[in-house]
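The chain contents come next:
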Amino acid sequence: MKILVTGGAGYIGSHTCVELLNENYEVVVLDNLSNSSEESLTRVKNITGKSLEFYKADLLDKKEIASVFQDHKIDSVIHFAGLKAVGESVLVPLKYFHNNISGTLNLLEVMDDFNVKNIVFSSSATVYGNPASLPIKEDFPLSATNPYGRTKLMTEEILQDVYCSDKSWNIALLRYFNPVGAHESGKIGEDPFGIPNNLAPYISRVAAGFLPRVNVFGNDYDTLDGTGVRDFIHVVDLALGHIKTLPKLFTNPGVVIYNLGTGQGYSVLEMIKGFEAASGKTIPYKITDRRPGDIAACFADPFKAKKELGWEANKTLADMCTDTWNWQKKNPDGYRESQGEN
Ligand code: NAD
Ligand code: WQD
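Residues numbered from 1 in each chain as written. Chains lettered and ligands numbered in written order. Predicted model: local features only at pLDDT ≥ 70, side-chain atom pairs only at ≥ 80, totals over all residues. Heavy atoms only, no water.

Chemist: Talk me through the site of ligand 1; I want residue IDs and the actual numbers.
Modeler: Around ligand 1, a shell composed of 28 residues is seen, among which Asp31, Asn35, Ser36, Phe80 and Tyr148 lie nearest. In this structure, Asn35 approaches ligand 1 through a side-chain N or O atom, which is 2.7 Å from an oxygen atom. Here Phe80 contributes a backbone N or O atom positioned 2.8 Å from an oxygen atom of ligand 1. Against a free-state accessible area of 820 Å², the protein chains account for coverage of 95% of ligand 1. (Near = heavy atom within 4 Å. Polar contact = N/O pair within 3.5 Å; in protein donor to acceptor, adjacent residues only side chain to side chain. Areas by Shrake-Rupley, 256 points an atom, 1.4 Å probe, with all protein chains shown as cover.)

Okay, here's the thing in structure tokens:
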């Protein structure tokens, strides 16, 4: 069975490629490398001892997408490719709408042309906006609070409309909570360009001595210790969620929606403590103002995925911190310092 992975060179995509190859799927990756490096795919091959096909191609170019479908008989697409920085999306919304929406429309049109109608889409817990209660279930009301979130919500709606028009499509909308961690080999992990926006890579840069301290965005939230609470999920657990979703797609379920989270919330300070334990280092931090747009707490009810897919997250906060730190230590410059012992 052959799977096209768009955005497969990226953080979640590369970890999913590993698990797909481990399960003996054939893998074709399409990525324009706008936020990733081809080195990640070299490492994927190295970890699994298996090979995959790579196309450096852009979803904004329909001809480039079509050439992949001409060369390969694809059974299903896992669609990770997209821009994902919330702050940037507020500054340049058109870039986000163009890339994430037009890119997806091109992909869907080419899939339709080649009669490939199975797709797993990377959605996000951001589509729940500021939820009225916790834990969050899949049938909660949806809203977007920034252009990035709106691209996720709009894409979910586009996919629902596509299914309504043609019931031969099978579509899984996977709403990820907060992916962190790295493959336990330390060969692949999250490699943000510049100063990270997200908590885990930021803490890890502080632990490594590249940044002086963590800025904790507010300690006056209505949470256990006043800092923000999130459902951090290990990226390998998340990748395995995709592996469990594929067989479901092949049962012709129509549109299915699942939260991929652990169901357990941890605070920013608990995350810092977790990294201190994993790295054996003291991590300096400073309480600063709240970050505009942040919510106090967010965690999933992951029961639907357990019941219908037989999937649940197994890795602990300690695993998430240990594996992030292992990746950071072995790759201080991410993939830019390639070829070494990795
Ligand atoms: P990432 O940036 O590491 O990976 C995305 C990949 O898509 C990159 O390799 C990038 O080069 C590629 N890409 C972007 N635009 C493209 C285009 N037009 N054509 C071809 N390739 C393109 O991000 P990630 O963290 O691995 O996220 C994967 C998906 O999951 C994204 O859709 C993201 O929005 C979604 N998601 C991520 C998180 C998170 O916190 N990491 C949470 C929820 C949802
Ligand atoms: C987590 C917590 C911050 C950085 C984002 C997107 C979301 C999804 C996942 C894609 C919050 C606090 C952070 C720092 C801090 N992505 N924090 N200091 O905001 O929950 O979710 O990534 O879909 O759409 O919005 O993740 O890691 O940025 O923040 O105190 O330097 O850490 O306030 O409470 P977030 P995050």
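Chemist: Would you mind going over the sheet that holds strand β14 (residues 297-298) in detail, with residue names and values included?
Modeler: Taken in spatial order, the three strands make up an open sheet running β12-β9-β14, and their pairing is mixed. Strand pairing shows two members of the sheet lacking a second neighbour, β12 (266-267) and β14, which therefore form its edges. Note that strand β9 (residues 229-230) and β12 share two bridges and pair antiparallel. Bridging across to β12, Arg230 finds its partner in Tyr266. (Pairing = 2+ DSSP bridges. Helix = DSSP H or I, 4+ residues; strand = E, 2+ residues; numbered from the N terminus.)

Chemist: Which residues make up the site of ligand 2, and what are the values?
Modeler: Near ligand 2, the surroundings consist of 16 residues, among which Ser124, Tyr148, Asn215, Arg230 and Asp294 are the closest. Side-chain polar atom of Ser124 to an oxygen atom of ligand 2: 2.7 Å apart, as the coordinates give it. Between Arg230 and ligand 2, the recorded distance is 2.5 Å, taken from a side-chain N or O atom to an oxygen atom. With the chains in place, 87% of the 690 Å² that ligand 2 exposes on its own is no longer accessible. Per-element tally for the shell around ligand 2: the top contributor is strand β8 (residues 214-217), with three residues. In terms of residue class, the shell around ligand 2 is built from six nonpolar, seven polar and three charged. (Nonpolar A, V, L, I, M, F, W, Y, C, P; charged D, E, K, R; others polar.)

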